[in-house]
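Results of the structural survey
Chain by chain, the residues:
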Amino acid sequence: MRALLFTAGFLLCGLGFLAFRSSGDPMLLQGGLTLGGGWIICGLFSLRSKWHGIIGAAVLAFLGGIRSLPAATGLAGGDPAAPFSAAAAALCVTVFIASARSLLAERRRRSIESLKSGQDDPAAR
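Residues numbered from 1 in each chain as written. Predicted model: local features only at pLDDT ≥ 70, side-chain atom pairs only at ≥ 80, totals over all residues. Heavy atoms only, no water.

Attention shifts here to the overall build of the chain. The number of helices and strands found in the chain is four helices and zero strands. Secondary structure of the chain in N-to-C order comes out as α-α-α-α. For 125 residues, the compact-globule estimate of 2.2 N^0.38 gives 14 Å, and the C-alpha radius of gyration of the chain, at 18 Å, exceeds that figure by more than 25%. Each principal axis of the C-alpha atoms in the chain carries an extent, and together these give about 60 × 30 × 20 Å. Sorting the 125 residues of the chain into buried and exposed places 35% on the buried side. Counting contacts in the chain only where the partners sit at least 6 residues apart, residues at least 24 apart contribute 61% of the total. Total accessible area computed for the chain in this model is approximately 7700 Å², and 67% of it derives from carbon and sulfur atoms. Considering the chain, the positive charge centre built from 12 side chains and the negative charge centre built from 6 side chains are found 6 Å apart. (Helix = DSSP H or I, 4+ residues; strand = E, 2+ residues; numbered from the N terminus. Rg over C-alpha atoms; globule rule 2.2 N^0.38 Å. Buried < 20%, exposed > 50% of the residue type's maximum accessible area, 1.4 Å probe, protein only. Contact = heavy atoms within 4.5 Å. Areas by Shrake-Rupley, 256 points an atom, 1.4 Å probe, with all protein chains shown as cover. Lys, Arg positive; Asp, Glu negative; His and termini not counted. Charge placed at Lys NZ, Arg CZ, Asp CG, Glu CD.)

Written out as structure tokens, the structure reads:
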């Protein structure tokens, strides 16, 4: 999961630079650096506290997806920023789904572990 966070973060930062160079819109650069940098920070944070970093990345992916999915609908309209928004949306969806799957797998693992040890299910409280 950490490798995905670092990869997606650096890809989105690079995508922001490409979008800025092709369109000249500084908001695309700021968005790419903000979201990509946030994922890199979450990846670094997950080195110390794994689940907090993954949850932070999922929240950033959700917010980035909400921002970039509507902008990606301009692909048919010829908007020069639409391909970059579509690529950012694809990265956000990928990170969000991977984070959700990772968190659900950890919850499942903890539930099985608590059932095997004979304790109550902590998720049921």
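Turning next to helix H4 (residues 82-117). The end-to-end C-alpha distance of H4 is 52 Å, a good match for the 52 Å that 36 residues give at a rise of 1.5 Å each. One or two positions beyond H4, positive phi appears at Gly 118, with a value near 85°. (Expected span 1.5 Å × (residues − 1).)

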